[in-house]
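Here's the letter readout for the chains.
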Amino acid sequence: LWRWLGQRSVPGPPGPLAWPLIGNAAQLGKLPHLYLTRMAQKYGNVFQIKLGSRTVVVLNGDSIKQALVKQGTDFAGRPDFASFKYIFDGDSLAFGPFTDWWKVHRKVAQSTVRTFSTGNTTTKKTFEHHVLCEFRELLQLFVGKTKQHRFFQPMTYLVVSTANIMSAVCFGKRYTYEDEEFRQVVGRNDQFTQTVGAGSIVDVMPWLQYFPNPIKTMFDNFKKLNLEFGQFIRDKVIEHRKTIQSSITRDMTDALIMALDKLGDKTELTGGKDYVSPTMGDIFGASQDTLSTALQWIVLILVKYPEMQLRIQQEVDKVVDRSRLPSIEDQLQLPYIMAFVYEVMRFTSFVPLTIPHSTITDTSIMGYTIPKNTVIFINQWSINHDPALWSHPETFNPQRFLDQNGALNKDLTSSVLIFSLGKRRCIGEELSKLQLFLFTALIAHQCHITADPARPLKLDYNYGLTLKPHAFSIAVSLRGHNMSLL
Ligand code: HJJ
């Protein structure tokens, strides 16, 4: 009897009491990461909640590395959520299940992204060129808007701008700010991220899809945006296949076509499917959503803390005179800028929870048993705001990443968790950091950004896969004798 009881009661993680039908969904509130972090303080780093019909195990603090790195395979799955099925018909690398083909496919995607961004000196220079060209357009627009209106909202311009950088890298084409099709394709990031973010209601109460209600309306919009986004990407890939030449690789799409076609004979792995479009969708979609969000936060924080904007300008002025522009090679000489970028990532934690994981086998963590196919939430926010790791975690302070000599502390920068870890970690981490560094250095070198004194600046945001700051207004003026850009 004792053995039987012992086996039956191998404990699952503790957690708050759940309501019938909805479980703890109502408690999640508008900012689920804050509720989950509070629950971690109460129940420990590993706890469980119920969301609708699903049991969700939430991992915080140290348990994240244990699960995603040390027991990586066990936790590498994705749940069979309703929303994930509509992202490229379920063929997305980021949202799809963990299979043998997935491992091969991911390696190819990862090396393709590297080859077209941070791979070597030449590709870095090409990437830098795209960032520079796009920054020039953006600055011109900002200065024009400031002349026209004094204060204006920069958010959508930052989206088109980053999407253009990635469109140049991915597809060899940029669009004007007025282009309606492009604005449609990249203008619905809020809808996308709100529907796929951890804690999304349709995913845990799928029956809400079947009768009229606000969640169904949101989900129908999500399906529509995915169809249109998918068509945009497929058209690009078809056009590339028509005109591709083996002698030159024009862009990331060409590179991925060649790399995946080489593997294409292995139909036992791919089932004869073409994965170029879904993967270019992931790369373009993920990069433009996350990088535009990051830039929105960077601009907002630069105007919220003018003394830090000044500090960054002083640093860049010391290293880069007016005869040239900041470049990739300056990165090591600009530690404060990097500290600022890391502090934006830590402080905002704008990917507070990763894309939900699931266990692909029965497993255990920190002494708790977890059955196969359990939904796993990874609370990145809990690490970035852990008072045991960071002093005054709620204070924005780039200086925390610099030692007495003003050098970047690599142990601390690598403690920021925003690109996840292990088998599912981001494949664009290097590209992102390079782009955010360049953009921040260019802003500091070329212009001064100020807030509308009539509208007090807040750091409030909407929850989703990425946290988007609320609308804000700025004015932009050129700095000094600008011989370089405009
Ligand atoms: C999109 C915005 C989309 C895809 C992909 C297929 C890979 C932020 C984190 C990870 C990024 C997750 C990925 C997103 C892919 C978007 C994005 C949009 C349609 C898509 C943690 O991005 O409006 O539509 O279809």
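Residues numbered from 1 in each chain as written. Predicted model: local features only at pLDDT ≥ 70, side-chain atom pairs only at ≥ 80, totals over all residues. Heavy atoms only, no water.

Right, let's talk about the overall build of the protein chain for a bit. Broken down by element type, the protein chain carries 19 helices and ten strands. Projected onto its principal axes, the C-alpha coordinates of the protein chain cover approximately 85 × 55 × 45 Å. For the protein chain, contacts bridging at least 24 residues in sequence account for 75% of all contacts bridging at least 6. Element-wise, carbon and sulfur atoms account for 55% of the exposed surface of the protein chain, whose accessible area totals about 21700 Å². For the protein chain, the centre of its 53 positive side-chain charges and the centre of its 43 negative side-chain charges are spaced 4 Å apart. (Helix = DSSP H or I, 4+ residues; strand = E, 2+ residues; numbered from the N terminus. Contact = heavy atoms within 4.5 Å. Areas by Shrake-Rupley, 256 points an atom, 1.4 Å probe, with all protein chains shown as cover. Lys, Arg positive; Asp, Glu negative; His and termini not counted. Charge placed at Lys NZ, Arg CZ, Asp CG, Glu CD.)

Turning our eyes to something else, we now look at unusual backbone geometry. A positive phi angle, near 50°, is found at Asp89, a position not held by glycine. On the secondary structure map, Asp89 appears in the loop between α4 (63–70) and α5 (100–115). By relative accessible area, which is 60% here, Asp89 ends up exposed. Even without a glycine there, the phi angle at Ser349 is positive, about 40°. (Buried < 20%, exposed > 50% of the residue type's maximum accessible area, 1.4 Å probe, protein only.)

In this section: a nonpolar patch on the surface. A cluster of nonpolar side chains, Leu21, Trp207, Tyr210 and Phe211, forms an exposed patch at the surface whose accessible area comes to about 490 Å². Residue Leu21 is classed as exposed on the basis of its relative accessible area, which comes to 62%. (Patch = residues over 30% accessible without salt bridge, like charges linked within 9 Å, V, L, I, M, F, W, Y side chains within 5 Å. Salt bridge = Lys/Arg side-chain N within 4 Å of Asp/Glu carboxyl O.)

Scanning the model with the defined rule gives 26 aromatic pairs in all. Geometrically, the ring pair formed by Tyr305 and Phe396 is stacked, given 5.4 Å between the ring centres and 5° between the ring planes. Of this pair, Tyr305 sits in the loop between α14 (276–304) and α15 (306–319) while Phe396 is found in the loop between α17 (380–384) and α18 (410–413), placing the two residues 91 residues apart along the sequence. Accessibility assignment for this pair places Tyr305 and Phe396 in one class, buried. Taken together, Phe81, Phe84, Tyr86, Phe95, Phe192, Phe219 and Phe222 form an aromatic cluster joined through their ring pairs. One residue, Arg311, lies across the ring of Tyr336, its end atom 4.2 Å from the ring centre. (Phe/Tyr/Trp six-rings, centres within 6.5 Å; stacked < 30°, edge-to-face > 60°. Lys NZ or Arg CZ within 6 Å of the ring centre and 35° of its normal.)

So, about empty space enclosed by the protein. One pass over the full model with this rule turns up two cavities of 30 Å³ or more. In this structure, the largest cavity encloses a volume near 1000 Å³. The wall of the largest cavity is formed by 50 residues, among which Ala94, Asp282, Ala286, Thr290 and Ile355 lie closest to the centre. Secondary-structure elements contributing two or more residues to the lining of the largest cavity are α5, α9 (189–196), α11 (214–243), α14 and α19 (429–446). Broken down by element, the residue count for the lining of the largest cavity peaks at twelve residues, all from α14. The residue makeup of the lining of the largest cavity, split by class, is 27 nonpolar, 16 polar and seven charged. (1 Å grid on protein atoms, 1.4 Å probe; cavity = no way out; pocket = protein on both sides within 12 Å on 5 of 7 lines; lining within 4 Å. Points joined across faces, edges and corners; volume = space filled by probe spheres on them. Nonpolar A, V, L, I, M, F, W, Y, C, P; charged D, E, K, R; others polar.)

According to the stated counting rule, one finds 20 salt bridges in the structure shown. For Lys223, the salt bridge goes to Asp220, with nearest N and O atoms at 3.8 Å. You can see Lys223 and its partner Asp220 sitting in helix α11, three residues apart, about one turn around the helix. The class of Lys223 is partly exposed, set by a relative accessible area of 24%.

To continue, consider the side chain of Thr374. With respect to the helices and strands, the residue Thr374 is situated in the loop between β5 (368–370) and β6 (375–378). Among residues more than four places away in sequence, those in contact with Thr374 are Thr55, Val57, His357, Ser358 and Thr359.

A few words on the packing of α15 against α19. Describing two packed helices takes the angle between their axes plus the distance from one axis to the other. One can describe the packing of α15 onto α19 by two numbers: an axis separation of 8 Å at closest approach and a directional angle of 90°. Here α15 is positioned roughly perpendicular relative to α19, judged by the angle of their axes. Together, Ile312, Gln313 and Val316 of α15 and Ala441, Ala444 and His445 of α19 make up the contact between the two elements. Along the lines of polarity and charge, the residues of the contact of α15 with α19 split into four nonpolar, two polar and no charged. (Axes fitted to C-alpha atoms, helices over the stretch in contact; angles between N-to-C directions. Parallel < 35°, antiparallel > 145°, perpendicular 65-115°, else oblique.)

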